[in-house]
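These are the residues of each chain, in order.
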Amino acid sequence: MITVGLTGWGDHDSLYLTKEASKHKLPTYSNLFPAVEVDSSFYAIQSRRNMEKWTEETPDSFRFLVKAYQGMTGHTRGKIPYDSKEEMFEAFRLSISTMAKANKLMAALFQFPPWFDCTKENVNTLRRIRERMGEYPCALEFRHQSWFTSQMHDRTLNFMRQEKWIHSVCDEPQAGIGSVPIVEAATDRRLTVVRMHGRNISGWNSAGQPNWREVRYLYRYNEEELAEWAARLQRLEQQSEEVCIIFNNNSGGDAADNARQLMHMLGQQLPEIPYEKQPEAEQLDLFDL
């Protein structure tokens, strides 16, 4: 099974063409796509109230890929609002427990920063995180090429299999050491995640610039690139029961269009986007003068 979704549900204007859709974005989104990545959890661990609300607003078959809080992956440079790592992980586990109990948690996504390289210390960090997360399914995404050099490629994948990490395959610009190539391999029989970050190589390393978030994911995949991915997804589907592809290229509003384009290529049903119906023009009665 191939599942197609987007990062977040709030910023995809092309999906919300009616007042009702704009007012109820998640319910509208969940009728158009079967899964979503929750990225707000990266900036703050979400309250159970939020998670319960989102769980209740979506169909029974809908599922969430929840991004791990930045303090858990070493992104945070400021003060973390928890007294210990144990408290932080406990808060995150409690947050996702609502979705897990409702069978709507696809996985927790741990995306590590470009400076998280392949060292013994970082390997041990991954082991400790996996232990802290217990039975919750966890996906792992790297941003440093050292994990997938010719010497480490197979060892990294084997480590992920042993530690029960779900592979998050990346499509992103090849812009130096802080980016990873497409590694077409599954590490879990149940699930493989694919995240489409775009290929804006000139904007990829613009962190620190005022508008870097707007620039980094500014990219629209063309038909040839999507066709290549349709073939890759079908190959990955032979390795995992489910392959979930998430489009993150939304700086210019391209994610939703690209996702629906891929769904069409895969022969999947495209639910109709709600739109405001225009009133029918009154027929002019030629004899009514």
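We now turn to the structure provided with this report. (Residues numbered from 1 in each chain as written. Predicted model: local features only at pLDDT ≥ 70, side-chain atom pairs only at ≥ 80, totals over all residues. Heavy atoms only, no water.)

## Observations regarding the pattern of salt bridges
Pairs can form between side chains of opposite charge whenever their charged atoms are close. As enumerated under the stated definition, the model contains 15 salt bridges in all. Between Arg232 and Glu184 there is a salt bridge whose closest N-O contact spans 3.8 Å. Of this pair, Arg232 sits in helix H11 (residues 223-236) while Glu184 sits in the loop between strand S6 (165-171) and strand S7 (191-196), and the two are 48 residues apart along the sequence. The class for Glu184 is partly exposed, based on a relative accessible area of 30%. One salt bridge in this structure joins Arg190 and Asp188, with 3.3 Å as the shortest N-O distance. Arg190 sits in the exposed class, given a relative accessible area of 53%. The class for Asp188 is buried, based on a relative accessible area of 10%. Through salt bridges with shared partners, a single ionic network connects Glu37, Glu141, Arg143, Glu172 and Arg195. (Salt bridge = Lys/Arg side-chain N within 4 Å of Asp/Glu carboxyl O. Helix = DSSP H or I, 4+ residues; strand = E, 2+ residues; numbered from the N terminus. Buried < 20%, exposed > 50% of the residue type's maximum accessible area, 1.4 Å probe, protein only.)

## Structural notes on the side chain of Thr55
Inspection of the secondary structure assignment puts Thr55 in helix H4 (residues 48-56). Owing to a relative accessible area of 9%, Thr55 belongs among the buried residues under this scheme. Within the structure, the side chain of Thr55 is placed 2.7 Å from the backbone oxygen of Met51, a separation counted as a polar contact. Once residues lying within four places of it in the same chain are set aside, the contact partners of Thr55 are Phe64, Thr98, Met99, Ala102 and Lys104. (Polar contact = N/O pair within 3.5 Å; in protein donor to acceptor, adjacent residues only side chain to side chain. Contact = heavy atoms within 4.5 Å.)

## Things to note about the sheet that holds S7
If you trace the 8 strands once around the closed barrel, you get S1-S2-S3-S4-S5-S6-S7-S8, paired in parallel fashion. Going across the sheet, the axis of each strand differs from the next one's by a mean of 25°, ignoring polarity. In terms of strand pairing, strand S3 (residues 63-67) meets strand S4 (residues 105-111) through 4 bridges, oriented parallel. Bridge pairing links Lys67 to Leu109 in S4. (Pairing = 2+ DSSP bridges. Axes fitted to C-alpha atoms, helices over the stretch in contact; angles between N-to-C directions.)

## Points about unusual backbone geometry
Excluding glycine, a negative phi dihedral is what most residues carry, and trans is how most peptide bonds are arranged. Here Asn103, not a glycine, exhibits a phi torsion of approximately 60°, which is positive. Inspection of the secondary structure assignment puts Asn103 in the loop between helix H6 (85-101) and S4. Of note in the backbone geometry, Lys164 takes a positive phi value of approximately 65° without being a glycine. Inspection of the secondary structure puts Lys164 in the loop between helix H8 (153-162) and S6. Since its relative accessible area comes to 57%, Lys164 is described here as exposed.

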